[in-house]
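Here is how the chains run, residue by residue.
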Amino acid sequence: MHDNMGIIEPFKDGFVEIIPEGNRSDYWQIAAIHINGEVFCPSPRIYPSTNVALARARKIYNWICDREIKTLDSGCYCEELNILLWRVNREQ
């Protein structure tokens, strides 16, 4: 069991962030994909372990980089990974 803390893993030019599904849960969600200062969030999905969630987050990261969707203003559907993905607006 884990405390209610997420994991941030450096990856390429950014990092991926996962969080437990709930307090002391063994299930995980991808919180965000961070690429060169941009933040992307996939549709919520529960993964059975940290390894599975991190592997999926890396695949999403690569999918974003391969398509250069850094200027995405609204959500898009990734058929290959069967997820919705949107860029978080970081305006202050």
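The structure under discussion appears in the preceding block.
None of the values given here were measured: they were computed from a predicted structure.

Colleague: Requested: an account of the overall build of the chain, with residues and values cited.
Modeller: Helix and strand counts for the chain come out as one helix and six strands. For the chain, with 92 residues in total, the buried portion stands at 36%. The long-range share in the chain, meaning contacts at least 24 apart out of those at least 6 apart in sequence, stands at 39%. For the chain, the accessible area works out to roughly 5700 Å², and carbon and sulfur atoms hold 48% of it.

Colleague: An account of the packing of aromatic side chains is requested, with residue identities and associated values reported.
Modeller: The full count for this structure, using the stated rule, is one aromatic pair. A ring pair is formed by F11 and Y61, whose centres lie 5.0 Å apart and whose planes are at 90°; its orientation type is edge-to-face. Of this pair, F11 sits in strand β1 (residues 7-11) while Y61 sits in helix α1 (residues 50-67), and the two are 50 residues apart along the sequence. For the pair F11 and Y61, a shared accessibility class is recorded, and that class is buried.

Colleague: Can you lay out the pairing of strand β4 (residues 38-42) for me, pointing to particular residues and giving the numbers?
Modeller: Most of β4 is tucked away: four of the five residues are buried. Here strand β3 (residues 28-35) folds back onto β4, and the loop between the two strands holds two residues, one of which, N36, carries a positive phi near 45°. Taken together, the three bridges between β4 and strand β6 (residues 83-87) define a ladder with antiparallel strand orientation. From the neighbouring strand, P42 faces β6, where its bridge partner is L85.

Colleague: Please provide a residue-by-residue account of the environment of A57, values included.
Modeller: With respect to the secondary-structure elements, A57 resides in helix α1. Since its relative accessible area comes to 0%, A57 is described here as buried. Not counting residues up to four positions away in its chain, the partners in contact with A57 are V16, I30 and I33.

Colleague: Residues and numbers for the sheet that holds β4, please.
Modeller: Taken in spatial order, the six strands of this open sheet run β1-β2-β3-β4-β6-β5, and their pairing is antiparallel. Each of the sheet's edge strands pairs with one partner strand only, and the pair in question is β1 and β5 (76-78). Pairs of neighbouring strands in the sheet enclose a mean axial angle of 25°, with direction left out of account. Here β1 runs beside strand β2 (residues 14-20); their pairing, made up of five bridges, is antiparallel. Bridging from a neighbouring strand, I8 pairs with E17 of β2.

Colleague: Hey, could you go over α1 for me, with residue numbers and the actual values?
Modeller: Relative to the 26 Å expected for 18 residues at 1.5 Å per residue, α1 spans 26 Å between its end C-alpha atoms, a close match to the ideal helical length. Residues of α1 that are buried include every one of A53, L54, R56, A57, I60, Y61, W63 and I64, and no others. Summarising the contacts, the buried residues of α1 are in contact with β1, β2, β3, β4, β5 and β6.

Colleague: Could you give an account of the pattern of salt bridges, with specific residues and numbers?
Modeller: Evaluation of the coordinates by the stated rule reveals two salt bridges. E38 is paired through a salt bridge with R87; the nearest N and O atoms lie 3.0 Å apart. Of this pair, E38 sits in strand β4 while R87 is found in strand β6, placing the two residues 49 residues apart along the sequence.

What counts and what doesn't
Residues numbered from 1 in each chain as written. Predicted model: local features only at pLDDT ≥ 70, side-chain atom pairs only at ≥ 80, totals over all residues. Heavy atoms only, no water. Helix = DSSP H or I, 4+ residues; strand = E, 2+ residues; numbered from the N terminus. Buried < 20%, exposed > 50% of the residue type's maximum accessible area, 1.4 Å probe, protein only. Contact = heavy atoms within 4.5 Å. Areas by Shrake-Rupley, 256 points an atom, 1.4 Å probe, with all protein chains shown as cover. Phe/Tyr/Trp six-rings, centres within 6.5 Å; stacked < 30°, edge-to-face > 60°. Pairing = 2+ DSSP bridges. Axes fitted to C-alpha atoms, helices over the stretch in contact; angles between N-to-C directions. Expected span 1.5 Å × (residues − 1). Salt bridge = Lys/Arg side-chain N within 4 Å of Asp/Glu carboxyl O.

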